[in-house]
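For reference, the chains in residue letters:
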Amino acid sequence: MGSNIKIDVRKERLQNKNSEDEFRDSIATVDEAGKRLWIYPKKPSGKFHRWRIVVTIILLSLLFGGPFIKINNQPLLLLNVLERKFIIFGQTFWPQDFVLLAVTLIAFFVFVILFTVVFGRVWCGWLCPQTLFMEMVFRKIEYWIEGDAAAQRRLSKEKWNAEKIFKKTSKQTIFILISILIAHTAMAYLIGVERTFAIVRKPPSENIAGFIGLVSFTGIFYGLFAKFREQACIAVCPYGRLQGVLLGKNSIVVAYDWIRGEPRGHLKKDQPVAGLGDCIDCHLCVHVCPTGIDIRNGTQMECVNCTACIDACDDVMVKIGKPKGLIRYASINSITNGVLKLITPRVIGYTFVLLAVVGILGFALITRSDVETTVLKVPGTLYQREPGIITNLYNVEFVNKTFNEMNLEIKVEAPSFAKIYRVDGKGIVIPAEGMVKGIFFIKIPEEKVLMARTVVTLGVYQNGKQLETVNAKFIGPVKKASDAKRD
Ligand code: SF4
Ligand code: SF4
């Protein structure tokens, strides 16, 4: 009897498939006229939420403390895009390290892809600063001041009165203050904590660019968390957009167990109805969702895997005496077949690519020199001929990638008959994180110049230790065949 009801309901749902899939034609946060629908998610609570609070405290402490952490007196992380200077874990990367940065980024992207293929959007729910600030900071302040979803909805509909003015003003003031704090932290990651403090200490008129930067950042963060909110994940974030191609049937996501839950139906006199699944259609999972979706429709791009629906549904299951986990971390295949398969050919393929890129990165880092030397022939010159000697003129540029002054020496490694002469004859002193340009000659006895182009290898030394080698192209006269034979 019970199974007949199940089959009938499934048939009916199949016939109504078109209407069931209608949720794919629109998003929950925009009405038919294209107007924004404001989401009032119910306050989340439960095991996952408590763990997310712990993770948030750790991550936000690291985020705000990050600019103050120093390694070798250098910031842990500095992303100075304007001056194209990046410090990662105390290690400086210059524009000359472009290849290294590119490989690092490729490794990062492959890692993100691999991680997403296996574990879905764990990043979005647990680690992304947008979700952490939105759900665990700004939303919590909203609950604290305005109450839970129903109270917020009521307050918004009310005419302006003393209570509404007080609550809305207090909330927005705190939002602005937190946005100012985030803006200063972002600035510290861009230009360093000392320069950020310098901007703050001076009147705006003395550092107008820094002041405009801080005000703009504050405006952006306030707009993002007070107004734009979940739209950042739904409509803007490229990572969110990529979910459609990254997730597979074996990816672990926050998922509704439709095998167990369907056909859904309300309790009768607070008792489960025979023949129906475990979902009692209470809509609590929908009410807590910060992106306004119904997870029972399946994996959707709007789902940031915040786990609020897991907690809400577990609570319901406990109350009706059913096992927890109707909504849980699961893959589609694990729900369908009961088998959780993490290692798939796709995962193996991405793992190999990641290992290869990390290998290249490791090699590049190990062989990375503290100094970057560029040697180029002075434009417009070929060679000069002195009695018995051919001379070439070069421009040289040294970039010191370290935080200490460097005293360098440049010598010819090969061929042994080539000699180098610095034009100014001085030692090469390069300030910390600085650059020095110079001019030098390479001279080779004419009888040794057998080809139009000779490669001269130069070694750059500090305190007798070779830091790197660099090749210089030496141009000489083209010898006639008879001359070459005679030589
Ligand atoms: S919270 Fe659970 S029981 Fe309630 S509607 Fe959602 S899936 Fe069904
Ligand atoms: S569906 Fe669940 S996990 Fe996904 S965003 Fe909504 S509440 Fe969070």
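Procedures and definitions
Residues numbered from 1 in each chain as written. Chains lettered and ligands numbered in written order. Predicted model: local features only at pLDDT ≥ 70, side-chain atom pairs only at ≥ 80, totals over all residues. Heavy atoms only, no water. Phe/Tyr/Trp six-rings, centres within 6.5 Å; stacked < 30°, edge-to-face > 60°. Helix = DSSP H or I, 4+ residues; strand = E, 2+ residues; numbered from the N terminus. Buried < 20%, exposed > 50% of the residue type's maximum accessible area, 1.4 Å probe, protein only. Lys NZ or Arg CZ within 6 Å of the ring centre and 35° of its normal. Near = heavy atom within 4 Å. Nonpolar A, V, L, I, M, F, W, Y, C, P; charged D, E, K, R; others polar. Pairing = 2+ DSSP bridges. Expected span 1.5 Å × (residues − 1). Arc of directions from axis to C-beta. Contact = heavy atoms within 4.5 Å.

A. Seen up close, the packing of aromatic side chains. Tallying each qualifying case throughout the model produces 11 aromatic pairs. Note on Phe-64 and Phe-133: the rings are 6.0 Å apart at their centroids and 75 degrees apart in plane angle, and the pair reads as edge-to-face. Taken together, the residues span a long stretch of sequence, with Phe-64 in helix H3 (residues 47–65) and Phe-133 in helix H6 (residues 129–146) at a distance of 69 residues. Ring centres of Phe-108 and Phe-109 lie 5.8 Å apart, and the angle between their planes is 55 degrees; this geometry places the pair in the tilted category. The exposure class of Phe-108 is partly exposed, given its relative accessible area of 48%. An aromatic cluster of three or more residues is present, and its members are Phe-64, Phe-133, Phe-138, Phe-175 and Phe-225. The ring of Trp-160 carries the charged tip of Lys-164 above its face, separated from the ring centre by 4.7 Å. Between the NZ or CZ atom of Lys-443 and the centre of the ring of Tyr-421, over which it lies, the distance is 5.2 Å.

B. Expanded view of the site of ligand 1. The local shell around ligand 1 consists of Tyr-256, Cys-279, Ile-280, Asp-281, Cys-282, His-283, Cys-285, Arg-296, Cys-313, Met-317, Leu-326 and Ile-327. Residues of the shell around ligand 1, tallied by class, amount to 9 nonpolar, 1 polar and 2 charged.

C. Representation of the pairing of strand E6 (residues 253–256). Neither face of E6 is left uncovered, since the one carrying Val-253 and Ala-255 and the one carrying Val-254 and Tyr-256 both have all their residues buried. As paired strands, E6 and strand E7 (residues 327–330) are joined by 4 bridges and run antiparallel to one another. Bridge assignment links Ala-255 to a residue of E7, and that residue is Arg-328.

D. Examining H3 more closely. Taking 1.5 Å of rise per residue, the 19 residues of H3 would be expected to cover 27 Å, and the 27 Å separating its terminal C-alpha atoms lies within 8% of that figure. Buried within H3 we find Phe-48, His-49, Arg-52, Thr-56 and Leu-60. Down the axis, H3 shows its buried residues gathered within 90 degrees of arc, on one side only. Opposite the packed face of H3, turned more than 90 degrees from it, sit the exposed residues Arg-50, Trp-51, Ile-57 and Leu-62. Contacts from the buried residues of H3 go to helix H5 (122–127), H6, helix H16 (308–319) and E7.

Shape is all these values report; function is a separate question.
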